[in-house]
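Geometric and topological summary
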Amino acid sequence: MHIFNHPNYNFLRWRWHALVVSWVIILAGIAVIARYGIPRSTEFAGGTEIILAFDKPTSEQQVREALAKAFPGGDAIVQSYGDRSQRQIMVRVPTVLAESGTALSNTKQAVVDALTKSSIGGFNVVGTEIVSPTVGQELKTKGFWATVLSLVGILLYLAFRFQLSFAVGAVIATIHDLLVTLAFLAFFRYDLSLTVIAAILTMTGYSTNDTIVIFDRIRENLRSMRRDSLDHIINVSVNQTLGRTVITSGTALLTALALFFFGGEVLHGFAFTMVVGIITGTYSSVFIAAAIVSFWRGSAPTRAAAHAPASSVPAVAAPQQPQRKVKPQRKARAS
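Report on the accompanying structure. (Residues numbered from 1 in each chain as written. Predicted model: local features only at pLDDT ≥ 70, side-chain atom pairs only at ≥ 80, totals over all residues. Heavy atoms only, no water.)

**Some thoughts on a nonpolar patch on the surface**
What counts here: Each patch is built from residues lacking any salt bridge and having more than 30% relative accessible area; the joining distance is 9 Å for like charges and 5 Å for nonpolar side chains (Val, Leu, Ile, Met, Phe, Trp, Tyr). Throughout, the Shrake-Rupley method with a 1.4 Å probe supplies accessible areas, and for residues the shown protein chains are the sole cover considered. Basic side-chain nitrogens of Lys or Arg form a salt bridge, by our definition, when they fall within 4 Å of a carboxyl oxygen of Asp or Glu. Secondary structure elements follow DSSP: runs of H or I no shorter than four residues count as helices, runs of E no shorter than two count as strands, and numbering proceeds from the N terminus. Buried residues are those whose accessible area, probed at 1.4 Å on protein chains only, stays under 20% of the maximum for their type, while exposed residues exceed 50% and partly exposed ones sit between those limits.
A cluster of nonpolar side chains, contributed by Trp23, Leu27 and Ile30, occupies part of the molecular surface with about 340 Å² of accessible area. Residue placement: Trp23 occurs in helix 1 (residues 15–36). Residue class for Trp23 comes out exposed when judged on its relative accessible area of 53%.

**What to know about the side chain of Ser193**
What counts here: Any pair of residues with heavy atoms lying within 4.5 Å of one another is described as a contacting pair.
Here Ser193 lies in the loop between helix 7 (164–187) and helix 8 (194–224). With residues near it in sequence (within four places) discarded, Ser193 still touches Ser41, Glu43 and Phe44.

**A short note on the pattern of salt bridges**
Going through the model one piece at a time under the given rule, you end up with 8 salt bridges. Arg92 serves as the salt-bridge partner of Glu49, at 3.3 Å between the closest nitrogen and oxygen. Of this pair, Glu49 sits in strand 1 (residues 47–54) while Arg92 sits in strand 3 (residues 88–94), and the two are 43 residues apart along the sequence. Of the two residues, Glu49 and Arg92, both sit in the buried class. With a closest N to O distance of 3.6 Å, Glu60 and Arg84 form a salt bridge. Of this pair, Glu60 sits in helix 3 (residues 60–67) while Arg84 sits in the loop between strand 2 (77–81) and strand 3; the two residues are 24 residues apart in sequence, bridging distant segments of the chain.

**A look at the layout of surface pockets**
Filter applied, for reference: Residues are called lining when one of their atoms sits within 4 Å of a cavity or pocket point, these points coming from a 1 Å grid over the protein atoms alone, where a cavity is a set in which a 1.4 Å probe fits but cannot get out and a pocket is an open set with protein on both sides within 12 Å along at least five of seven lines. Grid points are joined across faces, edges and corners, and a volume is the space filled by probe spheres set on the points. Under the scheme applied, nonpolar residues are Ala, Val, Leu, Ile, Met, Phe, Trp, Tyr, Cys and Pro; charged residues are Asp, Glu, Lys and Arg; polar residues are all the others, including Gly.
Here the largest pocket defines a volume of roughly 580 Å³. If one sorts the elements of the lining of the largest pocket by residue count, strand 2 sits on top with 3 residues. The computed volume of the second largest pocket comes to approximately 440 Å³. Taken together, 16 residues make up the lining of the second largest pocket; nearest its centre are Phe144, Thr147, Leu182, Leu192 and Ile197. Counting residues per element, the ones that place at least two in the lining of the second largest pocket are helix 6 (133–161), helix 7 and helix 8. The element best represented in the lining of the second largest pocket is helix 6, accounting for 6 residues. Tallied by class, the residues present in the lining of the second largest pocket amount to 12 nonpolar, 2 polar and 2 charged.

Here's what the structure looks like:
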């Protein structure tokens, strides 16, 4: 299946523009995180999460007002959960309240009692999740080290399989994907949960795989295009793999979009992270990783040829000139 008919786009021409766009998004994400932080799910923050199903339509503001006396200061987080037709609302009580006197095991009962005493109407408790602060900190530490060790493994593998410049380019592109994804999570206020961490690690492997495909084509072209500049070789390689990149990224993106729109509230964070990660990973493989290799190794033909492995195809010997037959000399007769 061919999508592009001999594409010849100059991707490296836009590398500086791409780097500027990436830095703007990353710096804006850092500013939002520094100002508001990233919302953390109960799995990481610790606390109690209660899902309530009401008999009649109930707004989040009504639930907040009903919980105001039991949880002063607006510490209880109230938000809609699932489909609106199911009339479900999630109440999340952070760990700080448990540490100030309310035990984690009693928080659920305190929420139920506060809503029962109000005139909010009938409701049922659909689900409850309780995570202690120690477990939340342990999960956060494990998630951090899982991400760091995956990056180290990628660096070591690519340095062994290719060269150091390729390994550094792939790792920088992966870190770029992580920072951009975290920025969008902060922009849209999605909770950082275990499913989101799983999506981030999945996106990391996906982005690295896409980068390796381009790098492998660059390595092959370095052998056959030894007299061309490295920038030209990179552009040719990206264009040669462009159809494959669009097909694989497009199908994966359609799957992630289906999960986002039809997967329900539980999979919203996971699907959103996958959508952002697939787009960002494809973008970084084309513009960021290849640009890092170009910056690292330069673009002169001699440098590209010096770094290219020797070709396995034997050189064709030049045709030899036919040799003239030498006549044997006659012995001189004795006089």
